[in-house]
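Each chain, written out:
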Amino acid sequence: MSAPAPATIGIELEIGGMTCASCANRIERKLNKLDGVEATVNYATEKAKVTVPDGYDPALLIAEVEKTGYTAAVPKPAGPPAAAGPSGDEPDSELTSLRQRLIGAVALTVPVIATAMVPAFQFTNWQWASLTLAAPVIVWAAWPFHRAAWTNLKHGTATMDTLISMGTGAAFLWSLYALFLGTAGRPGMKHPFEFTLAPSDGAANIYLEAASGVTMFILAGRYFEKKSKRQAGAALRALLELGAKDVAVLRDGAEVKIGIDELRAGDEFVVRPGEKIATDGVVVAGTSAVDASMLTGESVPVEVGVGDAVTGATVNAGGRLVVRATRIGADTQLAQMAKLVEDAQTGKAEVQRLADTISGVFVPIVIAVAAGVLGAWLGAGFPVSAAFTAAVAVLVIACPCALGLATPTALLVGTGRGAQLGILIKGPEVLESTRTVDTVVLDKTGTVTTGKMTLVDVVAEPGTDRAEILRLAGALEDASEHPIAQAVAQGATQEVGALAVPEGFENIEGRGVQGIVDGHAVVVGREALLADWSQHLSPAVAAAKARAEGEGKTVVAVGWDGVARGILVVADTVKPTSAEAISGLKALGLTPVLLTGDNAAVARRIAAEVGIDQVVAEVLPTEKVDVVARLQREGKVVAMIGDGVNDAPALARADLGLAMGTGTDVAIEAADITLVRGDLRAAVDAIRLSRKTLGTIKGNLFWAFAYNVGAVPVAALGMLNPMLAGAAMAFSSVFVVGNSLRLRKFRSVTAQ
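Residues numbered from 1 in each chain as written. Predicted model: local features only at pLDDT ≥ 70, side-chain atom pairs only at ≥ 80, totals over all residues. Heavy atoms only, no water.

Per an unreviewed UniProt entry, the protein goes by Cation-transporting P-type ATPase B and derives from Nocardia stercoris. The Subcellular location (unreviewed entry) comment attached to the protein in UniProt states, word for word, "Cell membrane". Quoted straight from UniProt, the Sequence similarities (unreviewed entry) entry for the protein says "Belongs to the cation transport ATPase (P-type) (TC 3.A.3) family. Type IB subfamily." (UniProt positions renumbered as here; feature names shortened; annotations may be inferred.)

Have a look at this one:
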């Protein structure tokens, strides 16, 4: 018998000092070489997700990262949801440094480029003025690139910083040689700007505009890239900031205002109208309506009373509530939602792993290509200046920044936008599943239907008033806790108003209830209960009862003062938006299948109401997974939407599992995507958003691959000025991030 696998835990590290995807790839490889360690490093989120044996010291991971030349730290312990993430407005030292260096580089580089490009600006000894302006740019503004390149060299590796440092450094050193030892320093030297290369005396040419221009453009790219990454995470930060900042706790009957981080499970706190509920809990006093729209997307406030659960960050829209805290900090629904989103953003899809692998080997290949280009030009008899310019252009143009950003930035924005719409995507591999899904299996109860019994019809005996049936039967049923009784009472209240309080109420187990309402002896329950009191339905009402029961509805009979008065029909009703959602799923090319344990008559009625043609009914909970497996054997790629514990195995077995957030924790845990709203249209949004995000990733990768594959040969043939190469490289990264940010404009079907 094999030994059980050792227990593992997950550790998250915040990584500092990464400048490109090659850095992330290198740290990931180093961590994965440690015994028992599995790591994924994400350049866009600047975080590492590490799985280690239980009891593993995080300091060992941090030390390994630092040995690689970067910084690492374990994030601070999770506090309240509101404090769990940066606000987006707090200062970022790296962003500030980049901005300062960029401003300095722009101010000094623009005159250098202008004089180099326009011969008319080239006054006597202009080249020495260019050196004075360019030197601070190449040394100070580009210092982060040089420092990172030196660190990489000490560790025997190369990243994009190596390419930038080598390119700008070589251009600068060559210019110094030409100025001090060649003929470029002579007064009256002219330097015509050309897009193509021609044989010339290399000692007469300087490349200060290329070195400073490349530095300026790449700093601009890095600055806007980092700023865009912060914008991309804005949805997650907004989600985290929903929580309340302070709370009024009851201490010895008095209200005491404390910070949210001081609240403990079991504390009772007061929520006044208009205030946010501080944390997840249970109402112990008061009734109110709670607006959960910012969390679930539902626009209609939900009525709550004593014993009802409430969620932190939702707003009390009605009366005063006293709530007992049940979950705080990282355990709350809000914090768990944020964690789900962050986990999805940190993970990697298979397509990204391919890009990471390529970027990891790309840098040393480019250095070899640049050396080969230099040798080839010299071997062909071209001047050193021509050979050198082509080699520098290859180094600068080849930086695979766009390749590393293609997937994570799209994931960052797509999953963040999903969180805003109440769609929680568990991981990037989920996106790839949505592309191929062709069949969607829907649980009936709680997914297509409300999952709650509702009064749908009243059939009165001749001479009996409908309102009177509702008034008397509703009053008696209001005293019962049975779901069918509560459905009757709620329906009666909505139609006839406040109900009387019955006298002598008696619950007859399994048969119905009886009592005195306004002086009438009322009986409500099974037809057999009324028959015991010699109260019989007329043939017409009995036929209506049989028809309703044939459709799978529940019927209770009503009688008073010795006479049967009519019947009340109760059923689980279809959600108002389900038909629209099914239409939306069909428009996406999916075939809907209704799956339920209810009888076939009920299933067919519900299916016909919402527009589903295929029905699988009367299946046991354990058989749902078998239905999914059978469809998969038939060659279908299956998505499953459910909400109950009995749906969990089928959700896990399906190619794509979507759980309604109004359902059970077990179902949500088993699913790939959680729909916070109870609205089935959210499933349409989830698949649309997933496909849109995947399409953006593929577009980004195409651009990144095409750019590098096409640009390197152009540079190697000497047809690209190094300065223009730097601008193009910086633009490619900004383009990829900008393309990803378009996902922020994704709109829900409910808003169209």
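That was the structure; now back to the text.
Our next topic: the overall build of the protein. If you tally the helices and strands in the protein, you get 26 helices and 26 strands. Contacts in the protein between residues at least 24 apart in sequence constitute 70% of all its contacts with a sequence separation of at least 6. (Helix = DSSP H or I, 4+ residues; strand = E, 2+ residues; numbered from the N terminus. Contact = heavy atoms within 4.5 Å.)

This part is about the environment of Glu 38. Positionally, Glu 38 belongs in strand E2 (residues 38-42). Sequence separation between Glu 38 and Pro 53 is 15 residues, and the spatial gap between their C-alpha atoms is 9.8 Å. Discounting residues that sit within four places of it in the chain, Glu 38 has contacts with Asn 32, Lys 49, Val 50 and Thr 51.

What follows concerns the packing of helix H16 (residues 466-477) against helix H17 (residues 483-496). Look at H16 against H17: their axes get within 8 Å of each other, and the N-to-C directions meet at 135°. Between H16 and H17, the interaxial angle falls into the category oblique. Pair H16 / H17 crosses with left-handed handedness. Across from Arg 466, Ala 467, Leu 470, Arg 471, Gly 474 and Glu 477 in H16, the residues of H17 making contact are Ala 485, Gln 486, Val 488, Ala 489, Ala 492, Glu 495 and Val 496. Split by residue class, the contact of H16 with H17 holds 7 nonpolar, 2 polar and 4 charged. (Axes fitted to C-alpha atoms, helices over the stretch in contact; angles between N-to-C directions. Parallel < 35°, antiparallel > 145°, perpendicular 65-115°, else oblique. Left-handed = near helix turned anticlockwise from the far one by under 90°. Nonpolar A, V, L, I, M, F, W, Y, C, P; charged D, E, K, R; others polar.)

Moving on, we get to the sheet that holds strand E25 (residues 656-660). One open sheet holds the 7 strands; their spatial order is E14-E26-E25-E24-E15-E22-E23, and the pairing between them is mixed. On the outer flanks of this sheet lie strand E14 (423-425) and strand E23 (614-616), each paired with one strand and no other. Here the strands of the sheet are splayed against their neighbours by 20° on average, with no regard to which way each runs. Bridging between strand E15 (residues 439-443) and strand E24 (residues 638-642) involves 4 bridges; their strand directions are parallel. Across the sheet, the residue bridging to Leu 442 is Ile 641, located in E24. (Pairing = 2+ DSSP bridges.)

Turning next to helix H4 (residues 126-141). Its 16 residues place the ends of H4 22 Å apart at the C-alpha level, agreeing with the 22 Å of an ideal helix rising 1.5 Å per residue. Maximum bend of H4: about 30°, positioned at Ala 134, with proline Pro 136 one to four residues after it. Buried residues of H4: Trp 126, Gln 127, Ser 130, Leu 131, Ala 134, Val 137, Ile 138 and Ala 141, and no others. (Expected span 1.5 Å × (residues − 1). Bend = angle between axes of the 7 residues up to and from the residue. Buried < 20%, exposed > 50% of the residue type's maximum accessible area, 1.4 Å probe, protein only.)

Turning to the sheet that holds strand E4 (residues 71-73), a few remarks are in order. Taken together, 4 strands build an open sheet; the order of strands is E2-E3-E1-E4 and the sheet is antiparallel. What marks the edges here is a single partner per strand, and that holds for E2 and E4. Averaged over all pairs of adjacent strands, the angle between strand axes in this sheet comes to 25°, irrespective of strand direction. Both strand E1 (residues 8-16) and strand E3 (residues 47-53) contribute to a ladder of 7 bridges, which runs antiparallel. Note on E3: the bridge partner recorded for Leu 13 is Ala 48. Helix H2 (residues 58-67) rests against E1, E3 and E4 of the sheet, and its axis sits at about 165° to E4.

With that settled, the discussion passes to the nonpolar core. Counting residues in each nonpolar core, the largest one holds 48 residues, and the members touching the most others are Leu 442, Leu 585, Ile 641, Leu 658, Ile 673, Leu 675 and Leu 680. Of all the elements, helix H25 (residues 681-716) adds the most residues to this core, at 9 residues. Leaving out residues up to four positions away in the same chain, Leu 680 has contacts with Leu 442, Thr 447, Val 448, Thr 577, Ser 578, Ala 581, Ile 582, Ile 641 and Met 660. (Core = buried A, V, L, I, M, F, W, Y, C linked by side-chain atoms within 4.5 Å.)

Attention shifts here to the pattern of salt bridges. Think of it this way: side chains of opposite charge can pair up when their charged atoms draw near. Per the stated rule, a full pass over the model turns up 17 salt bridges. Arg 324 is the partner of Glu 268 in a salt bridge, and the nearest nitrogen-oxygen pair spans 3.5 Å. Taken as a pair, Glu 268 in strand E7 (residues 268-271) and Arg 324 in strand E13 (residues 321-327) lie far apart in primary sequence, 56 residues in all. For Glu 268, a relative accessible area of 26% corresponds to the partly exposed category. Using a relative accessible area of 35% as the deciding quantity, one classes Arg 324 as partly exposed. Among the ionic pairs, Arg 466 bridges to Glu 495, the shortest N-O distance being 2.7 Å. Here Arg 466, found in helix H16, pairs with Glu 495, found in helix H17; they are 29 residues apart in sequence, far enough to count as distant. In this structure Arg 466 comes out as partly exposed when scored by relative accessible area, which is 35%. In this structure Glu 495 comes out as partly exposed when scored by relative accessible area, which is 44%. Through salt bridges with shared partners, one network takes in Glu 255, Arg 272 and Arg 320. (Salt bridge = Lys/Arg side-chain N within 4 Å of Asp/Glu carboxyl O.)

Attention now goes to the UniProt feature "transmembrane region" (unreviewed entry) in the protein. In the numbering used here, UniProt assigns the feature "transmembrane region" (unreviewed entry) to residues 102-120, 126-143, 163-184, 204-224, 358-380, 386-413, 700-717 and 723-741. The span residues 126-143 is 94% helix and 0% strand, and its two end C-alpha atoms sit 25 Å from each other.

On to unusual backbone geometry. Residues other than glycine seldom take positive phi values, yet Asp 561 does so here, at roughly 55°. Looking at the secondary structure, you find Asp 561 in the loop between strand E20 (554-560) and strand E21 (563-574). Located in the positive-phi region is Glu 618, a residue other than glycine, with phi close to 55°. In this structure, Glu 618 sits in the loop between E23 and helix H22 (624-633). Overall, the relative accessible area of 52% leaves Glu 618 in the exposed class.

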